[in-house]
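The lines below spell out each chain.
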Amino acid sequence: MKKEIKIFDNPKNVKRLLWGFYLSLAVLIAADFFVHKHAEFPWAGRHQFFAAFGFVSCVLVITIAKILRFFVKRREDYYDD
Amino acid sequence: MMTDVWMHPALVFLIGGLLVPLMPAYAKRGMMLFLPAAALAVLFSLPNDTYWVYRVLGYELILGRIDALSRVFAYIFVLISFIAFLFALKVEDDLQHTAAFAYAGGALGVTFAGDFFSLYIFWEIMAVASTFLILARRTERSQAAAYRYILVHLLGGLFLLAGIILYAHDTGGVAIQKLTLSGPGSWLIFIGIALNAAIPPLHPWLQDAYPEATPTGSVFLSAFTTKSAVYVMARIFPGTELLIWLGAFMTIFPVFYAEIENDIRRVLSYSLMNQVGFMMCGIGIGTQLAINGAVSHAFCHILYKALLFMAAGSVLHVTGKIKCTEIGGLYKTMPLTCLFCLVGAASISAFPLFNGFVSKSMIISAAGHEHIPIAWLMLQFASAGVIAHAGIKVPFFTFFGHDSGIRAKEPPVNMLIAMGIAAFLCVFLGVFPQPLYSILPYPVDYVPYTGAHVVGQLQLLMFGMFAFALMIRSGYYPPEVRAINLDVDWFYRIGGRIFQGAADRGLNGLNGIADQLLNRKLTGSVCRFARQAPANLVLFFVPAVRAVSGISKDESGKVRARILAAFETGSVPIGLSAAAATLLVVILFFFT
């Protein structure tokens, strides 16, 4: 019998992973105050610009994708005769 | 100029590939790994120069323009051939191997072509050879996709050829050089290249065909066609402003489709287009930094995209499935494939320490240096989009997500090693970009690892992931559904069908009417006339004869019947038929 890895079957491990993830987000927020910026555009040099931009972009991408799906989704056999 | 050196690297593949089917199984496998190594050795032995120059019909054909730009692409084409053939080593289908060698050979030929004619010939070799990698899946769906694929590429090839002919006519030569978009010749060449680069709206052949190819075939496909088009575009149209905007649009448009697509290999195809968009944008910006960025991104992209296609191909190979709705939870029994897929995902997302970071950054920085804020914002937006679809969606829905209950084994060891090599190179070049930077066409004065850049990029990606996690957990993320999404290929798939239907009804209707009138009615009446004319002619004279001879009406009826019967059976008394024939001749004489 081949052995299976089941680490994410345990909700505790998923929780640990998520907490690690949230912690790294906090570290990134903090780190942003300590790095020397040399941005090409004034707004890109603002603190936490990339965090906000990344978050908003992803929400926008998913939202637009949902709207797009409304228009372009078809049955799987749409092109079949 | 040297013409008498060694063998052209493309010929190593083109000729070697033809020998592969003739060999016994073990020699065949050895040959598949030897040929890329041989091509690399040939490449190393040739210093930058111009080789294999021939005069044909008054034109100078150059088969070997080896300079910094063509050399980088040749290196990665040969390298990925080795990895892809290792991945496909146990495939028992000579058609695929020979086609893949011809395809890779065509790509090398395009890379080294110094004139438009030889470029065109290798371009078409690529189109035809790659079609067989789709056909080789041998399903009804793949046959249809391959048919559409070759039609679209032949059309693109015709654009290119028409442009080349106009160019040769205008300039009197066929040497490949930098062009600007002025006049029909350069526009047609541009359109021909843009089609192979999958620049919208000329892109849907890619998402249509690549997911239908064989599990190993799509690895080759992901490497050569679009990237050789990137090379040719960088060679001929660097600094063309239109490319900045086409490229930037091209990075964003496929992201939405990738998000809602169910077939993992189709998600990867949309993401391929998105990545080529970055390269096109870099070529459009055209500065040394931007061109270096585009070229290095092509190099890195070939590695991680092939890696992702290999991971997807492995899943398809062992489970027979590759749709989000059908797979999931595969990390449990395929941990290595999962790990390689995660490396590919991190690389395409441009995480620091992975190769996408050291190449894509150059393009985005170039947009910043040239102060093109809109393009810069579009590229950053697209980068956040990449983390959502290729960075998370592909590994998440394949290896994690809902448990599909499938407990598939890891793929064969050759496939694992191929993925391992690609994954190693993705990380190696991410950590030590110097070997890559040292072979770029221009000197590199770029430091990807600065504090601000690393933190900024990590923020962009991690907060994008944060948004993704929140949307998945809240149920806002569009669910996986069994469905397809319409793209602009609708116009030729349904449009083609409408055209066919119209042609069917219109032309076949016309045919039917012509058949009715000419074949059935007219021919029949001519025949009837010809057959009955003598009898009718004779019958015409029956009343007159009756009046003279005094036969009764009853008798004359019998006479009519006898005459008709006699003409039907051909037993007419000689005098009567001779008279009828003479009369007919007289009538015909007057009417003609």
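Throughout, residues of each chain are indexed from 1 in the direction in which the sequence is written. Each chain gets a letter, beginning with A, and each ligand a number, beginning with 1, in the order they are written. Confidence filtering applies because this is a predicted model: local features only for residues at pLDDT of at least 70, side-chain atom pairs given and counted only at 80 or more, and all residues used for totals across whole chains, interfaces and linings.

Visitor: Any chance you could explain the overall build of chain A here in plain terms?
Guide: Along the backbone of chain A there are two helices and one strand. Starting at the N terminus, the α and β elements of chain A follow one another as α-α-β. Here the globule rule is a power law, 2.2 Å times the number of residues to the power 0.38, and the radius of gyration is based on C-alpha atoms. Taking 81 residues into account, the globule formula puts the C-alpha radius of gyration at 12 Å, and chain A, at 21 Å, lies well above it. Each principal axis of the C-alpha atoms in chain A carries an extent, and together these give about 60 × 45 × 20 Å. Counting other C-beta atoms within 10 Å of a residue's C-beta gives its exposure: the residue is buried at 20 or more, exposed at 12 or fewer, and partly exposed in between, where C-beta atoms are placed from the backbone. The buried share among the 81 residues of chain A stands at 15%. Only runs of H or I of at least four residues qualify as helices and only runs of E of at least two qualify as strands under DSSP, and these elements are numbered from the N terminus.

Visitor: Got a minute to help me understand the overall build of chain B in this structure?
Guide: Counting secondary structure elements, chain B contains 22 helices and three strands. For a compact globule of 592 residues, the expected C-alpha radius of gyration is about 25 Å, and chain B comes in at 34 Å, more than 25% above that figure. Overall size of chain B, expressed as C-alpha extent along the three principal axes, is 130 × 65 × 55 Å. Looking at the 592 residues of chain B, the share that counts as buried comes to 51%. Contact definition: two residues whose C-beta atoms, as placed from backbone geometry, lie within 7 Å. Taking the contacts inside chain B whose residues are at least 6 apart along the sequence as the reference set, 81% of them involve residues at least 24 apart.

Visitor: Sorry if this is basic, but what is going on with the interface of chain A and chain B here?
Guide: Accessible area lost upon the coming together of the parts serves often as the stated size of an interface. Contact residues are listed per partner, giving 38 residues for chain A and 44 residues for chain B. Broken down by secondary-structure element, the contributors of at least two residues to the side of chain A that touches chain B are α1 (11-31), α2 (49-72) and β1 (73-74) of chain A. Of the residues forming the side of chain A that touches chain B, the biggest block, 16 residues, is contributed by α2 of chain A. Three classes are used: nonpolar for Ala, Val, Leu, Ile, Met, Phe, Trp, Tyr, Cys and Pro, charged for Asp, Glu, Lys and Arg, and polar for all others, with Gly counted as polar. Taken together, the residues of the side of chain A that touches chain B sort by class into 21 nonpolar, five polar and twelve charged. Two strands make a pair as long as DSSP finds a minimum of two bridges between them. Two strands pair when backbone bridges link them, and β1 of chain A and strand β3 (residues 484-485) of chain B are joined in this way by two bridges, in the antiparallel orientation. The partner of Arg74 of chain A across the bridge, within β3 of chain B, is Ile484 of chain B.

Visitor: Sorry, what's going on with the confidence of the model for chain B here?
Guide: Regions with low pLDDT carry predicted coordinates that are not meant to be interpreted in detail. Residue and element names in this part refer to chain B. Residue-level confidence of the predictor is what pLDDT reports, using numbers from 0 through 100. Of the residues in chain B, 99% reach a pLDDT of 70 or more, and the chain-wide mean stands at 92. Averaged pLDDT values for the elements of chain B fall to 76 in helix α20 (residues 542-549) and rise to 98 in helix α16 (residues 413-431). For this predicted complex, the interface confidence reaches an ipTM of 0.95, while the overall pTM sits at 0.88.

Visitor: I tried to follow α16 of chain B on my own but got confused; where do I start?
Guide: Residues lying three or four places apart along an α-helix face the same way, a consequence of the helix completing one turn every 3.6 residues. With 19 residues, α16 of chain B should reach 27 Å at 1.5 Å per residue; the first-to-last C-alpha distance of 26 Å fits that figure. Structurally, α16 of chain B contributes buried residues whose contacts are with α3 (68-87), α12 (288-319), α13 (335-348), α14 (355-369) and α17 (434-438) of chain B. Each residue after the first adds 1.5 Å to the expected span of a helix.

Visitor: Just checking my understanding: could you explain the pairing of strand β2 (residues 59-66) of chain B for this structure?
Guide: Regular strands have side chains that alternate between both faces of the sheet. Residue and element names in this part refer to chain B. Sheet topology places strand β1 (residues 49-56) next to β2; seven bridges connect them, and they run antiparallel. Counterpart to Asp49 in the pairing with β2 is Ile66. Hairpin connection from β1 to β2: two residues lie between these consecutive antiparallel strands, with Leu57 at a positive phi of about 50 degrees.

Visitor: Could you clarify how one ought to interpret the packing of helix α15 (residues 373-399) of chain B against helix α18 (residues 451-474) of chain B in this entry?
Guide: The description of two helices packed together rests on the angle between their axes and the distance between the axes. Residue and element names in this part refer to chain B. To obtain each axis, a line is fitted to C-alpha atoms, and for helices this fit is confined to the stretch in contact; angles are then taken between N-to-C directions over 0 to 180 degrees. Following both chains from N to C, one finds α15 and α18 inclined at 55 degrees, their axes separated by 9 Å at the closest point. In terms of orientation, α15 lies oblique with respect to α18. Viewed along their axes, α15 and α18 form a crossing whose handedness is right-handed. Where α15 approaches α18, its residues Gln380, Ser383, Ala384, Ile387, Ala388 and Ile392 are matched on the opposing element by Leu460, Leu461, Gly464, Met465 and Phe468. Working definition: roughly parallel below 35 degrees, roughly antiparallel above 145 degrees, roughly perpendicular at 65 to 115 degrees, and oblique for all remaining angles. The sense of a crossing depends on the near helix, which, turned anticlockwise from the far helix by less than a right angle, makes the crossing left-handed and, turned clockwise, makes it right-handed.

Visitor: Teacher, can you tell me more about the environment of Lys305 of chain B here?
Guide: Residues and elements named next belong to chain B. For Lys305, the location among the structural elements is in helix α12. Between the C-alpha atom of Lys305 and that of Leu272, which follows or precedes it by 33 residues, the distance is 7.2 Å. With residues near it in sequence (within four places) discarded, Lys305 still touches Ser222, Leu272 and Gln275.

Visitor: Explain the confidence of the model for chain A to me, please; I cannot follow it from the model alone.
Guide: Overall, the prediction assigns chain A a mean pLDDT of 91, with 96% of residues at 70 or greater. When mean pLDDT is taken per element in chain A, α2 of chain A scores highest with 96 and β1 of chain A scores lowest with 93.

Visitor: Please clarify how unusual backbone geometry should be interpreted in this entry.
Guide: Excluding glycine, residues mostly have negative phi values, and the peptide bonds linking residues are mostly trans. Residue and element names in this part refer to chain B. Between Pro200 and Pro201 the backbone carries a cis peptide bond, its omega angle lying at 5 degrees. Here Pro201 is to be found in the loop between α7 (183-196) and α8 (204-209). The residue Arg138 is not glycine, and still its phi comes out positive at about 55 degrees. Counting through the fold element by element, Arg138 comes out in the loop between α5 (116-135) and α6 (140-171). Exposure remark for Arg138: the 10 C-beta atoms within 10 Å place this residue in the exposed category. One non-glycine residue, Leu353, lies in positive phi territory at about 80 degrees. When you line up the elements, Leu353 lands in the loop between α13 and α14.

Visitor: I'm lost on the nonpolar core in this one. Help?
Guide: Inside soluble globular proteins, nonpolar side chains tend to come together where they are buried. Residue and element names in this part refer to chain B. The nonpolar core is taken to be a set of buried Ala, Val, Leu, Ile, Met, Phe, Trp, Tyr and Cys residues joined by way of C-beta atoms within 7 Å. Ranked by size, the top nonpolar core spans 206 residues in total, and within it Tyr103, Met233, Ala306, Leu307, Met310, Leu379 and Ala422 carry the most contacts. Element by element, the count of residues in this core is highest for α12, at 21 residues. When near neighbours in sequence (up to four residues on either side) are disregarded, Met233 contacts Ile193, Ala197, Met280 and Ile283.

Visitor: Just checking my understanding: could you explain the environment of Phe53 of chain A for this structure?
Guide: By the element assignment, Phe53 of chain A lies in helix α2. Residue classification places Phe53 of chain A among the buried positions, given that 22 C-beta atoms sit within 10 Å. Here Phe53 of chain A is in contact with Gln380, Ala384 and Leu460 of chain B, once residues within four sequence places are set aside.

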